[in-house]
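Summary of the model geometry
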Amino acid sequence: MAHSFYQDVMRNFEKATKFLPYSEGLMATIKECNSVYKMSFPVKDDEGKIQLIEAYRVEHSHHKLPTKGGIRYADNVDQDEVMALAALMTFKCAVVDVPFGGAKGAVKINSRTTSVPMLERVTRRYAMELIKKNFIGPGIDVPAPDYGTGPREMSWIVDTYSSIKDGELDALGCVTGKPVGQGGIQGRTEATGLGVFYGMREVCNFEEDMTALGLTKGIEGKTTVIQGLGNVGYHTAKFFAEGGAKIVAIAEYEGAIYNENGLDYEAVFQHRKATGSLLNFPGATNLENSNAALELECDILIPAALENQITAENASRIKAKMIGEAANGPVSADAEPILAQKGIIVVPDMYLNAGGVTVSYFEWLKNLSHVRFGRLTKRFEENSANDILKMVEEMTGKKATDVQRKTIIQGAGEKDLVYSGLEETMINAYHEIRHTYKSTQGCPDLRTAAFMVAVKKIATSYELLGIFP
Ligand code: GLU
């Protein structure tokens, strides 16, 4: 029997609770969605006709505030999907030590076929609905981009919020993923893809795990298939290519392309922009059926599109050695044991795509502190490093080259700090998950281990609140 996305998330949660010592009441408290807000509101379209728009905001857990999670624009969203995604946000934040509860929003609208003025009217009205019901605010619930939304939508939201809450000092922190000029942070756009890279690099750095798969240590040279060339897929491709991986196939909804010698991700991206399709990229083989790309032979398969891509139907045909879930929920709960049986390592979404929310957390901190990271320290660090370098030069009688000088004395700017904070977060979280996986007898997969890590942290915060002594 096929299960809904939300049921799948709940089944995965329950798999983990079997290994944990907590009471049924505490587990139910952590598991269920706290608030589900379904709304409909009218917006005039470009012809002046009234369209009724369906939208959602779900706050899954208030164990830490604010709650946090993106807003999805898609014409097939429903309440079940938003609840599943909100729940995943709770566990995602816990896994990477981001002190927020989980939430998610959605508007039933196609962002590709809707005009920009209409998108703006819908976004501003949606923000108004959230304000009216107290479902948004820097200390309440902080949305961010997700599938079908980006910095532009976030800038409309922050503008609507600030104009209503005139004088609210921390208003900029009501939403993250904003353009840098409007309170955003350097590195947020590429954060999810960069996190996917740091995460998979760490997975590949465990020699014994790679040997078990018949592979060598490190990400370099690993053949990689990427599904989805949106913000997450594009940046994942970029950082994988820069890290030395070989991207052999890229898939989108119109089809997929393959080249065993590797694809130039940037040229593919430009080709798609110019022609409207991935297909017919010079030197590559077309795969008319986009899903066929998932079944290609490769070391790493990265589904970076939507949920439910690898199911009980196609799991037995997957030939990848590792699957890195850049999207939310691409591997169904029924597919997981089939993949585990084949020895495929599945690196779970709640860990691997947490780069986005991690950098959102940095952005929120920046908004609350009203100062750019590195502003007070960059010059000071550079001057100190310069003094030390001068001393070393005098003592040794040798002169550093211009390139050496630049690398040695360079103080950390905002982007350097964001990248370094994200790298630290992804490495630590993977070590924690892997340790739990290895040290729990009978733990079936990394996802169950990640749930265990997350649930333990959430349970502790309930204990600290004195709710469950
Ligand atoms: N939508 C992203 C996610 O699913 C980012 C959420 C956020 O930054 O709050 O993780």
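Below or above, wherever it landed, is the structure these notes cover. Here the structure is a predicted model, which is why all the values come from computation and not from measurement. (Residues numbered from 1 in each chain as written. Predicted model: local features only at pLDDT ≥ 70, side-chain atom pairs only at ≥ 80, totals over all residues. Heavy atoms only, no water.)

1. Quick word on the layout of surface pockets
Space inside the second largest pocket adds up to approximately 320 Å³. As for the second largest pocket, its lining consists of 18 residues, of which Gly343, Ile344, Ile345, Tyr437 and Leu446 are closest to the centre. Among the elements of the structure, α7 (207–212), α10 (335–341), β12 (345–347) and α15 (414–439) are those that each provide at least two residues to the lining of the second largest pocket. Split into classes, the residues belonging to the lining of the second largest pocket amount to eleven nonpolar, one polar and six charged. (1 Å grid on protein atoms, 1.4 Å probe; cavity = no way out; pocket = protein on both sides within 12 Å on 5 of 7 lines; lining within 4 Å. Points joined across faces, edges and corners; volume = space filled by probe spheres on them. Helix = DSSP H or I, 4+ residues; strand = E, 2+ residues; numbered from the N terminus. Nonpolar A, V, L, I, M, F, W, Y, C, P; charged D, E, K, R; others polar.)

2. Some points on the sheet that holds strand β1 (residues 35–44)
In space, the five strands of this open sheet follow the order β1-β2-β4-β3-β5, with mixed pairing throughout. The two strands at the open ends of the sheet, each matched to only one other strand, are β1 and β5 (141–145). The mean inter-strand angle of the sheet, taken between neighbouring strand axes irrespective of direction, is 25°. The pairing of β1 with strand β2 (residues 50–59) spans ten bridges and is classified as antiparallel. Within β2, the position partnered with Val36 by the bridge is Val58. (Pairing = 2+ DSSP bridges. Axes fitted to C-alpha atoms, helices over the stretch in contact; angles between N-to-C directions.)

3. As for the sheet that holds strand β6 (residues 223–227)
Taken together, seven strands build an open sheet; the order of strands is β9-β8-β7-β6-β10-β11-β12 and the sheet is mixed. One side of each edge strand has no neighbouring strand; the edge strands of this open sheet are β9 (285–287) and β12. Taken pair by pair, the neighbouring strands of this sheet meet at an average axis angle of 20°, ignoring direction. Bridging between strand β11 (residues 322–324) and β12 involves three bridges; their strand directions are parallel.

4. Looking at the packing of aromatic side chains
Enumeration over the complete set of coordinates arrives at 14 aromatic pairs. Note on Phe100 and Tyr361: the rings are 5.6 Å apart at their centroids and 90° apart in plane angle, and the pair reads as edge-to-face. Here Phe100 is found in the loop between α3 (79–95) and β4 (101–108), whereas its partner Tyr361 is found in helix α12 (residues 355–369), with 261 residues between them in sequence. Of the two residues examined, Phe100 and Tyr361, each falls in the buried class. (Phe/Tyr/Trp six-rings, centres within 6.5 Å; stacked < 30°, edge-to-face > 60°. Buried < 20%, exposed > 50% of the residue type's maximum accessible area, 1.4 Å probe, protein only.)

5. Digging into empty space enclosed by the protein
The method is simple in principle: a probe with the dimensions of a water molecule rolls over the atoms, and the space it marks as empty is what remains. Throughout the structure, instances matching the rule amount to one cavity of 30 Å³ or more. In this structure, the largest cavity encloses a volume near 100 Å³. Around the largest cavity sit 14 residues that line it, and Phe5, Asp8, Asn12, Gly329 and Val331 are the ones nearest its centre. Elements with a contribution of two residues or more to the lining of the largest cavity: α1 (5–17) and α16 (446–465). Here the lining of the largest cavity gets four residues from one element, more than from any other, and that element is α1. Per-class residue counts for the lining of the largest cavity are six nonpolar, four polar and four charged.

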